[in-house]
Amino acid sequence: MRIDEVELRLVRLPYRSPFKTSFAEEREKHAVIVTVRSQGVEGYGEGVMDPFPHYREECIAGAWHLLRNAFVPELVANGCEHPSQLVARWAGWRGNPMAKTALELAVWDCYARQQGVPLRTLLGGTRTEIPVGASLGMNTIPETVENVRRHVEQGYQRIKLKIEPGWDVQLLAAVRAEFPFIELTVDANSAYTLADIGVLREIDQFGLHYIEQPLHWDDMVEHAHLATLLHTNICLDETLTSPARVKAALDLGACSVVNVKVGRVGGLQSVREIHDMCVGLGVPMWCGGMLETGIGRAHNIHLATMPGFVYPGDTASASRTYARDIVEQALEATQGIMPVPEGPGIGVTLDRPFLNEVTEQTEVVRA
Ligand SMILES: [Mg+2]
């Protein structure tokens, strides 16, 4: 496909309420929205970098620089026969998976729209709806218990609690006392070390489906050691930045559940490789979330239709996060089931007046 132009937008979108994790309290979304235009058709992608590198190393300023001066000029100059080629084409620029993904996703969406098929069809996804869970930020214990109740009543199929040292055993005891049988997981976002093995063993007693990224955000070796000390499955998130890293983590025994975030692993082609590897090894996967706008959320829903995504993911109703979204379609789950947006590509259209309202910066690169 010939690429006529690529538009980069920096948007800033308020969250309905602040979201607190072990590394930050966030009040608004900063996202890079990429539009690829090809022969009268548009496709959209979203970058999940933050202004500052609290989750992984990438940040918006660095990603914007690379998109503007490396990936976009390469794409516009050379076009693209199939979006699956792009990861390999950009491999000479090392790392920076989130920046690459923002553009790669837009090309996939544009390509699917040109073919007149939903994106999930290109990915081999067969489902027309996906099971979803809810990820709850940190709050007081009574507020968290009420929040769990509300989401269980709404039918969410898995509840994930954010934890950190000092905010773990009491919280879990309170939630488990009220909800002994729900599918419950925790996400530490790297807040513990092996020196915390005492409290990690206590956390091990709560019948959790898995514990997500308990140790350092780039570690595999200590996670592999921890896996031998706990009954609870370990799921890695931050550590898994490419298909090669997923393979290494599984070879080492550093995790037995894989959280896939397309931005973290460098694009949909990398997701496909990870998917096929995990299916081959019988490793369960699920789709993580980065509080995306409707564009990133719609991409996540499509990729989670692939058969290896067997656990409920983070792709909950958009209205939990945003009072108003930049897409026209309401991406809402009912009884813990999220329908896949219908139509070609990712199946959403832009709420352009609102998108313009929340756009802080725009740059267009033409062929
Ligand atoms: Mg996580």
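Residues numbered from 1 in each chain as written. Predicted model: local features only at pLDDT ≥ 70, side-chain atom pairs only at ≥ 80, totals over all residues.

Student: Is there a simple way to think about the sheet that holds strand 13 (residues 359–366) in this case?
Tutor: Within the open sheet, the 4 strands sit side by side as 3-2-1-13. Their pairing is antiparallel. Whereas interior strands pair on both sides, the edge strands pair on one side only; in this sheet they are strand 3 (41–47) and strand 13. Between one strand axis and the next, the sheet turns through 25° on average, direction left out of account. Direction of pairing for strand 2 (residues 25–38) relative to strand 3: antiparallel, over a ladder of 7 bridges. Of the residues in strand 3, the one forming a bridge with Val36 is Gly43. Sheet strands touched by helix 3 (residues 97–115): strand 2 and strand 3. Its angle to strand 3, the strand with the most contacts, is close to 155°. (Pairing = 2+ DSSP bridges. Helix = DSSP H or I, 4+ residues; strand = E, 2+ residues; numbered from the N terminus. Axes fitted to C-alpha atoms, helices over the stretch in contact; angles between N-to-C directions. Contact = placed C-beta atoms within 7 Å.)

Student: Looking at this structure, I do not really get the nonpolar core. What am I missing?
Tutor: Most often, soluble globular proteins keep nonpolar side chains buried together rather than apart. Counting 106 residues, the largest nonpolar core has Val34 and Val258 as the members making the most contacts within it. Among the elements that take part in this core, helix 3 stands out by supplying 11 residues, more than any other. Each of domain 1 (5–117 + 349–366) and domain 2 (121–339) gives at least three residues to this core. If we skip the residues at most four places from it in the chain, Val258 touches Cys235, Leu236, Leu240, Val246, Ile274, Cys278, Val283 and Met285. (Core = buried A, V, L, I, M, F, W, Y, C linked by C-beta atoms within 7 Å. Buried ≥ 20, exposed ≤ 12 C-beta atoms within 10 Å, placed from the backbone. Domains from an automatic or database assignment.)

Student: Help me out: how do you make sense of the pairing of strand 13 in this one?
Tutor: Looking along a regular strand, one sees the side chains alternate between the two faces of the sheet. Across the 8 residues that make up strand 13, only a small minority, 0, are buried. The sheet contact formed by strand 1 (residues 5–20) and strand 13 spans 7 bridges and is antiparallel. Residue pairing across strands places Leu10 opposite Gln361, the latter belonging to strand 13.

Student: What's the story with the packing of helix 9 (residues 243–252) against helix 11 (residues 268–281) in this structure? I'm lost.
Tutor: The geometry of a pair of packed helices is captured by two quantities: the angle between their axes and the separation between those axes. Direction vectors running N to C along helix 9 and helix 11 enclose 20°, while the axes themselves pass 9 Å from each other. The angle between the axes of helix 9 and helix 11 places the two elements in the roughly parallel class. Relative to helix 11, helix 9 is oriented so that their crossing is right-handed. Of the residues in helix 11, those in contact with Pro243, Val246, Lys247 and Leu250 of helix 9 are Ser270, Glu273, Ile274, Met277 and Leu281. A class-by-class count of the residues in the contact of helix 9 with helix 11 yields 6 nonpolar, 1 polar and 2 charged. (Parallel < 35°, antiparallel > 145°, perpendicular 65-115°, else oblique. Left-handed = near helix turned anticlockwise from the far one by under 90°. Nonpolar A, V, L, I, M, F, W, Y, C, P; charged D, E, K, R; others polar.)

Student: In this structure, what is going on with the domain arrangement of the protein chain? I would like to understand it.
Tutor: Where interface size is quoted, it is often the accessible area lost as the parts come together. The domain boundaries assigned to the protein chain delineate domain 1 (5–117 + 349–366) and domain 2 (121–339). For domain 1 and domain 2, the distance between their C-alpha centres works out to 23 Å. Listed as interface residues are 37 residues of domain 1 and, on the opposing side, 36 residues of domain 2. Residue contributions to the side of domain 1 that touches domain 2 peak at 8 residues, all from helix 3. Taken together, the residues of the side of domain 1 that touches domain 2 sort by class into 22 nonpolar, 7 polar and 8 charged.

Student: Help me out: how do you make sense of the sheet that holds strand 8 (residues 211–212) in this one?
Tutor: Adjacent strands of a sheet pair through backbone hydrogen bonds, lying either parallel or antiparallel. The strand order across the open sheet built from 7 strands is 5-6-7-8-9-10-11, with neighbouring strands paired in parallel fashion. Edge positions in the sheet fall to strand 5 (134–136) and strand 11 (285–287), since each of these pairs with one other strand and no more. In terms of strand pairing, strand 7 (residues 184–187) meets strand 8 through 2 bridges, oriented parallel. Across the sheet, Asp187 pairs through a bridge with Glu212, a residue of strand 8.

Student: Just checking my understanding: could you explain helix 11 for this structure?
Tutor: Owing to its 3.6 residues per turn, the α-helix brings residues three or four apart onto one side. Relative to the 20 Å expected for 14 residues at 1.5 Å per residue, helix 11 spans 20 Å between its end C-alpha atoms, a close match to the ideal helical length. Burial in helix 11 covers these residues: Leu268, Gln269, Ser270, Val271, Ile274, His275 and Cys278. The positive-phi residue at the C-terminal boundary of helix 11 is Gly282, with phi of around 70°. (Expected span 1.5 Å × (residues − 1).)

Student: Explanation requested: helix 6 (residues 169–178) in the structure shown.
Tutor: Turning to helix 6, its buried residues number three or more, namely Leu171, Leu172 and Val175. Each buried residue of helix 6 lies within a common arc of 90° when the element is viewed along its axis, so the set occupies one face. Among the exposed residues of helix 6, those pointing more than 90 degrees away from its buried face are Gln170 and Ala177. Residues of helix 6 that are buried in the fold lie against helix 5 (141–153), strand 6 (159–162), strand 7 and helix 7 (197–203). (Arc of directions from axis to C-beta.)

Student: How do you make sense of the pairing of strand 2 when you look at a structure like this?
Tutor: Pairing between strand 1 and strand 2: 12 bridges, direction antiparallel. The residue of strand 2 that forms the bridge with Leu13 is Lys29. Adjacent in sequence and paired antiparallel, strand 1 and strand 2 are bridged by 4 residues. From the end of strand 2 to the start of strand 3, which pair antiparallel, there are 2 residues, and Gln39 there has a positive phi angle of about 50°.

Student: Help me understand unusual backbone geometry in this model?
Tutor: Most peptide bonds take the trans form, and the phi angle of most residues other than glycine is negative. Positive phi is not limited to glycine here, since Asn189 has a value of about 45°. Mapped onto the elements of the fold, Asn189 is located in the loop between strand 7 and helix 7. Positive phi outside glycine occurs at Gln335, with the angle close to 50°. Tracing the sequence through the fold places Gln335 in the loop between helix 12 (294–303) and strand 12 (337–339).

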